[in-house]
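Summary of structural features
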Amino acid sequence: VELGLDASQPMLFVIDGSKALRKAIKAVWGRRAVVQRCQQHKKRNVLEHIPERHRVAVEERLVQAYQAASHSEASKLMATTKSWLARIAPDAAASLSEGLEETLTVLRLGLPALLAKSLVTTNPIESTFSTVEKVTHRVKRWRDGDMRLRWCAAGLLHAEGKFHRINGYADMHVLERALQRFCEEEVDLLKQAA
């Protein structure tokens with residue numbers, strides 16, 4: 001924001017489950033923040049609580065829900081999965097429930113499939129960090145903090161060479177309109193509740 005990013009416009013944030021990050025986003029963007037929680041992180045978190053014999057079935061159910069044609073269909077599939085998990089693995093059901101609606105945000109926005117697929121995971125930034133890790137992993141003797149910063153910057157520059165447009169970028173105008181509509185609907189809901 002200090003460098004000129006416009007915080008007065010609705011913005012889609014794709015994040016992991018970090019509560020601190022979520023709080024910071026809300027502090028700056030307020031109701032204009034639209035959050036998509038990473039579906040890959042959610043799947044991993046849920047599967048950690050699943051007995052081995054049920055993991056494949058649970059993963060299939062989650063994938064089916066996340067690939068649903070609509071938000072309402074995904075919500076129904078998730079509700080069924082959550083009920084089933086409550087019987088076989090209550091901790092997994094609790095993990096699935098936490099932030100579940102935010103894992104379906106992109107579906108709720110009704111974006112074209114290719115763009116939607118690009119916006120449901122934090123993999124692009126994690127891939128960037130992985131490249132930085134590979135570059136800095138070669139250094140065996142760190143001298144000072146400045147050296148760390150230089151190597152991290154070198155890793156980011158190396159990663160930048162591999163950047164490309166996200167799949168579905170031509171439909172970004174659809175995302176802009178969907179974000180506006182989403183924020184307006186949220187305001188209307190708040191007015192009705194008051």
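Residues numbered from 1 in each chain as written. Predicted model: local features only at pLDDT ≥ 70, side-chain atom pairs only at ≥ 80, totals over all residues. Heavy atoms only, no water.

Describing the overall build of the protein chain
Test applied: Here a strand is any run of E in DSSP of at least two residues, a helix any run of H or I of at least four, and the numbering for each starts at the N terminus. Burial status follows relative accessibility: with a 1.4 Å probe on protein chains alone, a residue under 20% of its type maximum counts as buried, one over 50% as exposed, and anything between as partly exposed. Note on areas: Shrake-Rupley, 1.4 Å probe, and residue coverage restricted to the protein chains presented here. His residues and chain termini do not enter the charge count, which takes Lys and Arg as positive and Asp and Glu as negative. Every charge is mapped to an atom, namely NZ of Lys, CZ of Arg, CG of Asp or CD of Glu.
The number of helices and strands found in the protein chain is 10 helices and 2 strands. Element order for the protein chain, N to C, with α for helix and β for strand: β-α-β-α-α-α-α-α-α-α-α-α. Oriented by its inertia axes, the alpha-carbon framework of the protein chain measures out at about 55 × 45 × 30 Å. In the protein chain, buried positions account for 35% of the 194 residues. Counting only carbon and sulfur atoms, one obtains 55% of the accessible surface of the protein chain, whose full area is about 12,500 Å². Charged side chains in the protein chain number 30 positive and 23 negative. The centres of these two groups are separated by 4 Å.

A short note on the pattern of salt bridges
In plain terms, the rule: The salt bridge definition used is simple: a Lys or Arg side-chain nitrogen within 4 Å of an Asp or Glu carboxyl oxygen.
In the structure shown here, the tally under the stated rule is 6 salt bridges. Across the salt bridge formed by glutamate 52 and arginine 55, the nearest N and O atoms sit 3.0 Å from each other. Glutamate 52 sits in the exposed class, given a relative accessible area of 61%. The residue arginine 108 makes a salt bridge to glutamate 186 at a minimum N-O spacing of 2.7 Å. One end of the pair, arginine 108, is in helix H6 (residues 105–109); the other, glutamate 186, is in helix H10 (residues 172–193), and 78 residues separate them in sequence. The exposure class assigned to arginine 108 is partly exposed, which follows from its relative accessible area of 33%.

Structural notes on helix H2 (residues 39–47)
Which entries qualify depends on this criterion: Only heavy atoms enter the contact rule, under which two residues are in contact if any of them lie within 4.5 Å.
Among the residues of H2, Gln39, His41, Lys42, Lys43, Val46 and Leu47 are the ones counted as buried. Contacts made by the buried residues of H2 are with strand S2 (33–37), helix H3 (55–66), helix H4 (71–88), helix H5 (90–97) and helix H8 (123–137).

Digging into the nonpolar core
Our working definition: Buried Ala, Val, Leu, Ile, Met, Phe, Trp, Tyr and Cys residues form a nonpolar core when they are joined through side-chain atoms within 4.5 Å.
In this structure, Val46, Ile50, Val58, Met78, Leu85 and Leu96 are the most contacted members of the largest nonpolar core, which totals 19 residues. The set of elements that each furnish at least two residues to this core consists of H2, H3, H4 and H5. Those residues within four positions of leucine 96 in sequence are excluded, and the remaining contacts are Lys42, Val46, Leu62, Met78, Thr81, Lys82 and Leu85. Counting residues in each nonpolar core, the second largest holds 15 residues, with Leu115, Val174, Leu175 and Ala178 among its members.

Details of the environment of tyrosine 169
Looking at where tyrosine 169 falls in the secondary structure, it is placed in the loop between helix H9 (145–160) and H10. Sequence separation between tyrosine 169 and leucine 114 is 55 residues, and the spatial gap between their C-alpha atoms is 8.7 Å.

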